[in-house]
Amino acid sequence: MAAKPQKEDSKKRKHAPAPSQGVKSAPKKLKSSTAKKPHKLGDKKQQQQPMPHVGNDPVDTKRQRRMQAKELAEARKKKRKKHYTLEQELTSLWEKMRTRNMAKEERSRLVSDALKKMKGKIPEIASSHVSSRVLQTCVKHCTQDERNAVFMEIRPHFITLASNTYAVHLVTKMLDNASKEQQAEFISSLHGHVAALLRHMVGSLVVEHAYQLGNAAQKQTLLMELYSPELQLFKDLISSKEARLVDVISNLQLQKGSVIRHMTSVLQPILEKGILDHSIVHRALVEYLTIADQSSASEIIQQLSSPDLVRMIHTKDGSKIGIFCIKHGSAKERKKIIKGMKDKVGKIARDKCGTLVLVSILSIVDDTKLLSKVIIRELEGILKELLSDQNGRRPFLQLLHPNSTRHFSPDELAALGSSVPLLVTKSPSEVNVAFSEETEASGLGEAGNKYEGAAADATQSSHLREGGKKDPLTRRRELLVNSGLAEKLIDACCEMAEELLRSNFGKEVIYEVAMGGADSILRPTLDGKLENLHGVIASLAAHPKREGSDEQHLFEHFHSSRTIRKLILDSPSFACTLYEKALKGKCSIWAQGHSSKVISALLDTSSSMVHKLVKKEVQPLVDDGILKLATK
């Protein structure tokens, strides 16, 4: 125990000893007046800062400085902005009038007050960030007389306001609320300025807005200014009857070379600036490609074959340009387009026009590995959402049954088969003549397979000449079967069978899948999966009929009954499965009413195997007059 204090004493001895009462400390050195204190950073600042007075609060001083700075800024703004005070007044009114739960009478009063304050100054203050918003709200909620007064005031300044970043929104709002006469007057004021405005990032928005709102004659007037300098100078030459540029050139006897040079000078700056979203530009490009020489057309196709093409394919003419780029572009250019669609495939597939470009890509491009990686994988991720979508289902239908008239309208098939005249190896007129002959032979109004086969063959042969070199059936098999898409399609159809059968659009997908696709593309690889799908449909149809239920049975539902009937007529294996699982011994229950079409299909089918299976049960129903067969 005695050793511990010794250790503590030894530790203490290492430090300087504290002065005790008996020991005197060393005397402190007196500060000399001449001795210099070593300079330390910050001492000078500390010496310069005066000590605050007792009554001077630092917080009040900062507040005063802020107020002085604010007053100075206000004074500068008043000098710089002519209508600064007016803008402040309008802002306070705007904050009140844009409140949602305000009474209509109170809002009308505020709008009238604001318009009175702005009267005579609207063209000047419309370019302001704040005032333009106030004007837009006023135009939206004001009376027709007040709106007409605003229109009359800004009418001489349309072109100037259309090119302003903030005033452009007022102009488009005025167009939305304008009468037909005012719209016509505005479109007339654009005469001679269309090409210049389209080259302007802001001005192009106004031209596009006017183009969308205009009637056919007004649209043609705006387009004509892009065709020829003569038409820009003399608008009386324009006739609404001439819808195509080729007709305009022939009727007005214009020089084709001059028109091509003028259109090149107009369109090239627009493309270089990346103004690609507007439908008027798309229409002008399509017309240009119909008359352009081979080198000019190739240059435009090459310029457009980029990831930016995705911005164009949302319009009818834009999708046609997209199809042109896929057909006539090189493998490298097609690769750029497809890679530009990454993470956008779902949105493109749901778009009415964009989905046609996807269909064209799946029908033409030979690089199936790239297609599987970029397009097929994204489609698989949202497969269930697309199967019942009117447009989203079309890429799958194209792979299952290419260019079918059941899934594509004549206009859409024509768009898929269109091409740039001077960029095809064989004249498109020969393809069109062959196609029309097949069409006439089979009849457009008939639902026979002959016309569908003729249309598919003509379009596919056109695709082969203008696009890929790979055999269409091989390409389809690689994209559908080898990629694993077909297996996932069948699984999705099994899971959503009842929903798809009842859907107006989904029924087409489940029919094509259950049939195994055109040319039996899913067979024999996926025969087992297809039999499983047939069994799922039959099991759903085997559910008993429920009296008084709001939900109709599959045999009585409008869409599902017709799909099942068609499967019975076209697929003997499905007919046998359905009879064994759902109809055997129950045909008399469904022999009358809407479901009788399903039972009669068992005898209407051309399969002797099905006839032999069902004859004993179904034929007596016909003989007794209970079941009526469809007249051929």
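Residues numbered from 1 in each chain as written. Predicted model: local features only at pLDDT ≥ 70, side-chain atom pairs only at ≥ 80, totals over all residues. Heavy atoms only, no water.

Going by what an unreviewed UniProt entry lists, the protein is known as PUM-HD domain-containing protein and is assigned to Anisodus acutangulus.

Engineer: Looking at this structure, how should I read the overall build of the protein?
Structural biologist: The secondary structure content of the protein amounts to 38 helices and zero strands. Counting across all 632 residues of the protein, residues that qualify as buried make up 45%. Restricting the contact set of the protein to residue pairs at least 6 apart, pairs at least 24 apart contribute 70%. Counting every atom, the protein has about 34800 Å² of accessible surface; 52% of that belongs to carbon and sulfur. (Helix = DSSP H or I, 4+ residues; strand = E, 2+ residues; numbered from the N terminus. Buried < 20%, exposed > 50% of the residue type's maximum accessible area, 1.4 Å probe, protein only. Contact = heavy atoms within 4.5 Å. Areas by Shrake-Rupley, 256 points an atom, 1.4 Å probe, with all protein chains shown as cover.)

Engineer: Please clarify how the packing of helix α35 (residues 558-570) against helix α37 (residues 596-604) should be interpreted in this entry.
Structural biologist: Between two packed helices, what matters for the description is the angle formed by their axes and the separation of those axes. Their axes nearest at 9 Å, the elements α35 and α37 cross at an angle of 10°. In terms of axis orientation, α35 runs roughly parallel to α37. Residues S561, R562, I564, R565, I568 and L569 of α35 lie in contact with α37, whose contacting residues are K597, V598, A601, L602 and D604. Partitioning the contact of α35 with α37 into residue classes produces six nonpolar, one polar and four charged. (Axes fitted to C-alpha atoms, helices over the stretch in contact; angles between N-to-C directions. Parallel < 35°, antiparallel > 145°, perpendicular 65-115°, else oblique. Nonpolar A, V, L, I, M, F, W, Y, C, P; charged D, E, K, R; others polar.)

Engineer: I'm lost on the packing of aromatic side chains in this one. Help?
Structural biologist: Two aromatic rings, taken as a pair, are described by how far apart their centres are and by the angle between their planes. Inspection of every chain in the model, using the stated rule, returns three aromatic pairs. Pairing F158 with F186 gives two aromatic rings, centres 4.7 Å apart and planes at 80°, and the pair type is edge-to-face. Remark: F186 occurs in helix α11 (residues 180-189) and F158 occurs in helix α9 (residues 158-162); sequence separation between them is 28 residues. According to the relative accessible area criterion, F158 is buried, its value standing at 3%. One aromatic cluster is present, formed by F151, F158 and F186 through successive ring pairs. One cation-aromatic arrangement involves K566 over Y511; the distance from NZ or CZ to the ring centre is 5.1 Å. (Phe/Tyr/Trp six-rings, centres within 6.5 Å; stacked < 30°, edge-to-face > 60°. Lys NZ or Arg CZ within 6 Å of the ring centre and 35° of its normal.)

Engineer: Sorry if this is basic, but what is going on with the nonpolar core here?
Structural biologist: The nonpolar side chains of a soluble globular protein tend to be buried, and buried together. By size, the foremost hydrophobic cluster in this structure holds 164 residues, and its most contacted members are M118, M341, I375, L480, L522, L578 and L583. With eight residues, the top contributor of residues to this core is helix α18 (residues 279-291). Residues contacting L480, with those up to four places away along its chain left out, are L399, L400, L485, A486, L489, I521 and L522. Counting residues in each nonpolar core, the second largest holds six residues, with I323, V359, F408 and L416 among its members. (Core = buried A, V, L, I, M, F, W, Y, C linked by side-chain atoms within 4.5 Å.)

Engineer: Where do I start with the state of the cysteines in this structure?
Structural biologist: Here a disulfide denotes one covalent bond, and it connects the sulfur atoms of two cysteines. One pass over the structure, following the stated rule, counts zero disulfides. For C142, which is in no disulfide, the shortest distance to another cysteine sulfur is to C138 and amounts to 7.2 Å. Of the residues examined, C142 reaches a relative accessible area of 7% and is grouped as buried. (Disulfide = S-S within 2.5 Å.)

Engineer: Please explain empty space enclosed by the protein as it appears in this structure.
Structural biologist: Any empty space left between the atoms is revealed when a probe the size of a water molecule rolls over them. Tallying each qualifying case throughout the model produces two cavities of 30 Å³ or more. Computed from the structure, the second largest cavity encloses a volume of approximately 40 Å³. In terms of residue count, helix α10 (residues 167-176) provides more of the lining of the second largest cavity than any other element does, three residues in total. Grouping the amino acids of the lining of the second largest cavity by side-chain chemistry returns eight nonpolar, no polar and no charged. (1 Å grid on protein atoms, 1.4 Å probe; cavity = no way out; pocket = protein on both sides within 12 Å on 5 of 7 lines; lining within 4 Å. Points joined across faces, edges and corners; volume = space filled by probe spheres on them.)

Engineer: Is there a simple way to think about the UniProt feature "repeat: Pumilio" (unreviewed entry) in the protein in this case?
Structural biologist: As recorded in UniProt, the feature "repeat: Pumilio" (unreviewed entry) lies at residues 153-188 and 189-225. Secondary structure within residues 153-188 divides into 72% helix and 0% strand; the distance between the first and last C-alpha atoms comes to 17 Å. (UniProt positions renumbered as here; feature names shortened; annotations may be inferred.)

Engineer: Looking at this structure, how should I read α35?
Structural biologist: The periodicity of an α-helix, 3.6 residues per turn, causes residues three or four places apart in sequence to face the same way. With 13 residues, α35 ought to run about 18 Å at 1.5 Å a step, and its terminal C-alpha atoms sit 19 Å apart, in line with that. Buried within α35 we find H559, S560, S561, T563, I564, L567 and I568. Buried-residue contacts for α35 involve α32 (497-502), α33 (506-515), α34 (527-541), α36 (572-583) and α37. (Expected span 1.5 Å × (residues − 1).)

Engineer: I'm lost on the pattern of salt bridges in this one. Help?
Structural biologist: Oppositely charged side chains are able to pair whenever their charged atoms sit close together. The tally for this structure, following the rule as stated, stands at 25 salt bridges. The residue R475 makes a salt bridge to D366 at a minimum N-O spacing of 2.9 Å. A residue pair is termed long-range when its members are at least 10 positions apart, and R475 in helix α30 (residues 472-482) and D366 in the loop between α23 (354-364) and α24 (368-381) qualify at 109 residues. Looking at R475, the relative accessible area reads 3%, which means it is buried. Overall, the relative accessible area of 23% leaves D366 in the partly exposed class. One connected set of salt bridges, linked through shared partners, spans E106, R109 and D113. (Salt bridge = Lys/Arg side-chain N within 4 Å of Asp/Glu carboxyl O.)

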